[in-house]
Amino acid sequence: MTNFTILFEYMPRILEGAALTIQIAVLSLIFSVVLGLVGAVMRLSDNFMLSRVATVYSTVVRGVPDLIWMLMVYYSAQIGLNSLTDALGMESFEISPFIAGVLTLSFIFGAYFTETFRGAILAVPYGQIEAGYAYGFGAFAVLYRITFPLMMRYALPGVRNNWLVLTKATALVSIIGLDDMTRITQQAGSATQYPFLFNMVSALLFLVLTFVSLRVFAWLEKHYQRGVKQEDSDE
C-alpha cells in the first residue's frame, strides 16, 4: 500500500480526533473565560481577601507546567476523591479523561485570562464607568453595558493569543488516555511505521484551526473597534 492509501484509511479516525480536540478547546475556552472574568474582578476588588485569593491563583497556576497540572488533576485528584468516598462510606467514582482534560485546561487558562481581563479593565477610562453609575445603572448593568464592551477592545489580542495556545495545549489530554487528534496520529504513526507522515497531518490540521481562528478574531476586532475607527475617521 502507498503512503496515501494508508493515510486515507486512518483519516476518518483522525478527523474524529480533530472534532474531539475542537470540542475540548471550545469548552475549555468558555469555562476559562468565565473563570478569568471572575478572577479579574476579584483581583481588582477592594476586598483584601478576594484580591489575595485571585492573585495567588493566577500566580501559582501560571508558575507550574501544564503537564504537571494535567497529571495532578487526573491521577492525584482521583486518588483524593477515592480516599474521601471510602472515608464517607460512599461508592467511588472515576473522573473521565474528557472531564479531567476540560477542567484542567479551564483551570490553567483561567489564570491567564484573569491577567488578560484585569489589564483590559484597567485600560477602560474610569470616566465611562462613572458616567454609567451617574446615569443610574447598577453594578451589573455597568459591567455588561459599559465595562465589558470597552474592555474587549483591549482584551482581544490577549484572548486571541490565549486561545491559540489553548488549542495546542489540548494535546496534553493524550497523556491521560483521551483519543484526541494527537493521540490518534501518534498511534497511527507507530502502527504503520510512518510517524513523520501522521505528525505532519496533525500539524496541518492544527494550522487549519489556527487560520480559521485568526479569521474569526479579525472579525471580532473589527466589531469591537467600530467606535474607535469612527472617531479616527472624524478626526
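What you see is a predicted model, and the numbers here were worked out from it, not measured in a lab.

Student: I'd like to hear about the packing of helix H3 (residues 66-87) against helix H4 (residues 97-123), residue by residue, with values.
Tutor: At a minimum axis separation of 9 Å, H3 and H4 run at an interaxial angle of 135 degrees. The angle between H3 and H4 falls in the class oblique. Considering the relative orientation of H3 and H4, their crossing is right-handed. Residue-level contacts link Asp66, Trp69, Met70, Val73 and Tyr74 of H3 to Pro97, Ala100, Gly101, Thr104, Leu105, Phe107 and Ile108 of H4. For the contact of H3 with H4, the per-class residue count stands at 9 nonpolar, 2 polar and 1 charged.

Student: Please set out H3 residue by residue, giving values where relevant.
Tutor: Under the 1.5 Å per step criterion, the end-to-end length of H3 is 30 Å for 22 residues, consistent within 8% with the ideal 32 Å. Within H3, the full set of buried residues consists of Trp69, Met70, Tyr74, Gln78 and Thr85. For H3, the elements touching its buried residues are helix H2 (48-63) and H4. Remark: Gly89 follows H3 within two positions and exhibits a positive phi of approximately 70 degrees.

Student: Can you explain H2? Please cite residues and give values.
Tutor: Taking 1.5 Å per residue, 16 residues should reach 22 Å; H2 reaches 22 Å between its end C-alpha atoms and fits that length. Residues of H2 that are buried include every one of Ser51, Ala54, Thr55, Tyr57, Ser58 and Val61, and no others. Along H2, the residues classed as buried sweep out an arc of 160 degrees about the axis, all on the same side. Away from its buried face by more than 90 degrees, H2 exposes Phe48, Met49 and Gly63. Its side-chain oxygen placed 3.0 Å from the backbone nitrogen of Met49, Asn47 serves as the N-cap of H2.

Student: Pulling in residues and values, what's your account of the UniProt feature "transmembrane region" (unreviewed entry) in the chain?
Tutor: Per the UniProt record, the feature "transmembrane region" (unreviewed entry) sits at residues 20-42, 54-75, 95-113 and 196-220. Segment residues 54-75 splits into 91% helix and 0% strand. End C-alpha atoms: 25 Å apart. Between the first and last C-alpha atoms of residues 196-220 the distance is 36 Å; the span itself is 100% helix and 0% strand.

Cut-offs and rules
- Starting afresh in each chain, residues are numbered from 1 along the sequence in its written order.
- The predicted nature of this model means local features are confined to residues of pLDDT at least 70 and side-chain atom pairs, given and counted, to a pLDDT of 80 or more, with totals for whole chains, interfaces and linings taken over all residues.
- With hydrogens and water set aside, each side-chain value is computed from the structure's full complement of heavy atoms.
- Orientation is described by lines fitted to C-alpha atoms, with helices fitted over the stretch in contact, and by angles between N-to-C directions that extend from 0 to 180 degrees.
- Secondary structure follows DSSP: runs of H or I at least 4 residues long count as helices, runs of E at least 2 residues long count as strands, and numbering of each begins at the N terminus.
- Should an angle lie under 35 degrees it is considered roughly parallel, over 145 roughly antiparallel, and from 65 to 115 roughly perpendicular; all remaining angles are considered oblique.
- The handedness criterion is simple: a crossing whose near helix is rotated anticlockwise from the far helix by less than a right angle is left-handed, and one whose near helix is rotated clockwise is right-handed.
- Any two residues whose heavy atoms approach within 4.5 Å at even a single point are treated as in contact.
- Only Asp, Glu, Lys and Arg are considered charged in this grouping, and only Ala, Val, Leu, Ile, Met, Phe, Trp, Tyr, Cys and Pro are considered nonpolar; every other residue, Gly among them, is considered polar.
- By this rule the span expected of a helix is its residue count minus one, scaled by 1.5 Å.
- Exposed residues in this analysis have more than 50% of their type's maximum accessible area, buried residues have under 20%, and partly exposed residues fall in between, with area computed by a 1.4 Å probe over protein chains only.
- Working note: the arc is built from the helix axis to C-beta atom directions.
- Any pair of nitrogen or oxygen atoms within 3.5 Å is treated as a polar contact; in protein, a donor-acceptor pairing is required on top of that, and neighbouring residues in sequence qualify only through side-chain atoms on both sides.
- UniProt positions are given in the numbering used here, feature names are shortened, and annotations may be inferred rather than shown by experiment.

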